[in-house]
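Chains, contacts and geometry: an overview
So you can see what is in the structure, the chains are spelled out below.
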Amino acid sequence: MSLSQDSAAQDSSAQDPSVAAPSGPFDALMTITDRPPVVFVEGRGSWLRDQNGKDYLDFVQGWAVNCLGHSPEPVVRALTAQAAKLINCSPAFYNEPMVRLAGLIARHSGLERTFFANSGAEANEGAIKLARKWGALHRGGAFEIITMDHAFHGRTLATMSASGKPQWEKLFEPKVAGFPKVDLNDLDAVAAAITDKTVAVMLEPIQGEAGVLPATVEFLRGLRELTRQKNLLLILDEVQTGIGRTGKFFAFEHAGITPDILTLGKGLGGGVPLAALVAREEVCCFAAGDQGGTYNGNPLMTAVGCAVMEEIAKPGFLAEVAETGLYLAAALEAVGRRHGCGGVRGQGLLLALDLKRDIGARVVARAFARGLLINAPRPNTLRMMPALNVSRGEIDHMCRVLDAALADCASASAA
Ligand SMILES: *Cc1c(COP(=O)(O)O)cnc(C)c1O
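Residues numbered from 1 in each chain as written. Predicted model: local features only at pLDDT ≥ 70, side-chain atom pairs only at ≥ 80, totals over all residues. Heavy atoms only, no water.

Quick notes on the domain arrangement of the protein chain
As far as domains go, the protein chain holds domain 1 (33-64 + 316-414) and domain 2 (73-312). Domain 1 puts 21 residues into the contact, and the matching count from domain 2 is 23 residues. For the pair domain 1 and domain 2, the summed buried area comes to about 1,800 Å², and 58% of that belongs to carbon and sulfur atoms. On the surface where domain 1 and domain 2 come into contact, there are one salt bridge. (Domains from an automatic or database assignment. Contact = heavy atoms within 4.5 Å. Buried area = accessible area lost by both parts, 1.4 Å probe. Salt bridge = Lys/Arg side-chain N within 4 Å of Asp/Glu carboxyl O.)

Thoughts on the pattern of salt bridges
Within the structure shown, the criterion is met by 15 salt bridges. Two residues, D260 and R224, come together in a salt bridge whose shortest N-O distance is 2.9 Å. Of this pair, D260 sits in the loop between α9 (252-255) and β11 (261-264) while R224 sits in helix α8 (residues 217-229), and the two are 36 residues apart along the sequence. As far as the burial class goes, D260 and R224 line up, both buried. What you see here is one network of salt bridges that share partners, running through R224, D260, R280 and E282. (Helix = DSSP H or I, 4+ residues; strand = E, 2+ residues; numbered from the N terminus. Buried < 20%, exposed > 50% of the residue type's maximum accessible area, 1.4 Å probe, protein only.)

Topic: the packing of aromatic side chains
In this structure the tally under the stated criterion is five aromatic pairs. Plain terms: the ring middles of F249 and F250 are 5.4 Å apart, the flat faces sit at 35 degrees to each other, and that makes the pair tilted. Members of the aromatic cluster, joined through ring pairs, are F40, Y56 and F368. (Phe/Tyr/Trp six-rings, centres within 6.5 Å; stacked < 30°, edge-to-face > 60°.)

Quick word on helix α12 (residues 360-369)
Among the residues of α12, G360, V363, A367 and F368 are the ones counted as buried. Down the axis, α12 shows its buried residues gathered within 135 degrees of arc, on one side only. Once α12 finishes, G371 follows within two positions and takes phi at roughly 85 degrees, a positive value. (Arc of directions from axis to C-beta.)

Here we look at the packing of helix α3 (residues 73-85) against helix α10 (residues 299-312)
Close contact between α3 and α10 brings their axes to 9 Å; oriented N to C, the two are set at 150 degrees. In this view, α3 runs roughly antiparallel relative to α10, as classed from their interaxial angle. The crossing of α3 and α10 is right-handed. Facing P74, V75, A78, L79, Q82 and A83 of α3, the residues of α10 in contact are P299, L300, A303, V304, A307, V308 and E311. For the contact of α3 with α10, the residue count by class is eleven nonpolar, one polar and one charged. (Axes fitted to C-alpha atoms, helices over the stretch in contact; angles between N-to-C directions. Parallel < 35°, antiparallel > 145°, perpendicular 65-115°, else oblique. Left-handed = near helix turned anticlockwise from the far one by under 90°. Nonpolar A, V, L, I, M, F, W, Y, C, P; charged D, E, K, R; others polar.)

Description of the pairing of strand β14 (residues 350-354)
The buried count for β14 comes to four of five residues, which makes it a mostly enclosed element. Pairing geometry for strand β13 (residues 344-347) and β14, over four bridges, is antiparallel. Along β14, the bridge assignment pairs G346 with L351. Here β13 hands over to β14 after two residues, with G348 in that stretch at a positive phi of 60 degrees. Bridge count for β14 against strand β17 (residues 381-384) is four bridges, and the pairing is antiparallel. Along β17, the bridge assignment pairs L353 with L382. (Pairing = 2+ DSSP bridges.)

A short note on α3
Here α3 is 13 residues long and its end C-alpha atoms lie 18 Å apart, about the 18 Å a rise of 1.5 Å per residue gives. Residues P74, V75, A78 and Q82 constitute the buried set of α3. Down the axis of α3, the buried side of the element spans an arc of 95 degrees, and every buried residue falls inside it. Exposed side of α3, more than 90 degrees from the buried face: R77, T80 and A84 are the residues found there. (Expected span 1.5 Å × (residues − 1).)

A few points about a nonpolar patch on the surface
Nonpolar side chains collect at one region of the surface, where L157, L171 and F172 lie side by side and expose about 290 Å² of accessible area between them. Checked against the element boundaries, L157 lands in helix α6 (residues 157-162). When its relative accessible area of 52% is taken as the criterion, L157 is described as exposed. (Patch = residues over 30% accessible without salt bridge, like charges linked within 9 Å, V, L, I, M, F, W, Y side chains within 5 Å. Areas by Shrake-Rupley, 256 points an atom, 1.4 Å probe, with all protein chains shown as cover.)

A look at the site of the ligand
S119, G120, A121, N124, F152, H153, G154, E204, D237, V239, Q240 and K266 make up every residue found near the ligand. At 3.2 Å from a nitrogen atom of the ligand is found a main-chain nitrogen or oxygen belonging to F152. Measuring from an oxygen atom of the ligand, one finds a side-chain N or O atom of K266 at 2.6 Å. The dominant element in the shell around the ligand, judged by the number of residues it contributes, is helix α5 (residues 120-138), at three residues. (Near = heavy atom within 4 Å. Polar contact = N/O pair within 3.5 Å; in protein donor to acceptor, adjacent residues only side chain to side chain.)

Take a look at the structure:
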């Protein structure tokens, strides 16, 4: 399959404006990232297969989305059974899986109410709206939400503004106002940033896109105490860390705190578009018409969410994630030591290896060529977010391929 442009075809379509003829096989798609010229056609567990029959071990899993791996039985069963029963009946009505999933989330999180969304960004957008409404009602119109440098909250205008990604600083101006930034793990900086306009503090328990940078337990506990003292809301974005990723149902459990508002996405749907805005009863102040969305809470996706939550809640599942995480961390450390890398960061099955040099993109490309999908969120960092049920054999296999990919990069730079 060629990526090169067919200039003759381009010329003829230029003459006939009614024909938007793409010339290469992928040219009808908007370019949003550099994709390798491969088409994936099948997935099973931790493995993906492309159109040429080549198999790849997948330690990205749709960006920590396929928490049970590719096309897992429980998800396929829930999806097909629900599809045959009821796909959509509008968010203006209750449906059975929607009610059941909200109950499961409440039981496991300790937060009483859920609003379902279709993406993490949309759940975070809802969290921002809920906090602003609460500020209007209870804090004299306070609306500012303190967020963290290097944070990632999504790609809508407001969530990009809430994010602290340096590359976005000058993009799609003007930003949505009201998101002062502080350094992660600097409680004094948060305290100093609070004004009478402040309504909330929002952060990820582990900054995933920034390169797997954990908020410390002391910082999270300090924030919980500070926000309580100042009557502010604590919003945790657990779109990446939630639903078992760190070895607990929610990452906040490691710190022994509960937020006022929690957002979920990625793993919640096990691969399908499903997200949630979850909040304490006292914070839920939306009036009819304030919030909604055509597909929100649709039975097809929420049925899958129920199946995923039921799997994660099975006895021993989370303990096994924590154990597997320790095994992966030790294995990564060992590979890293052979290649002059630094340490491993993260928790459970959200882990990063510090490469100590900016070879991330090359390692990812070499690993891809050798049939392994990994991700470099920073030039000097590799991130691993395999299926939560990844086997030790698959981890060993990943380490052998990574070892070879790192060796490729070393010999390429020596040459
Ligand atoms: C992926 C992610 C989002 C955005 O979720 P989308 O479903 O891509 O909109 C938000 N916050 C965090 C922490 C994420 O990892």
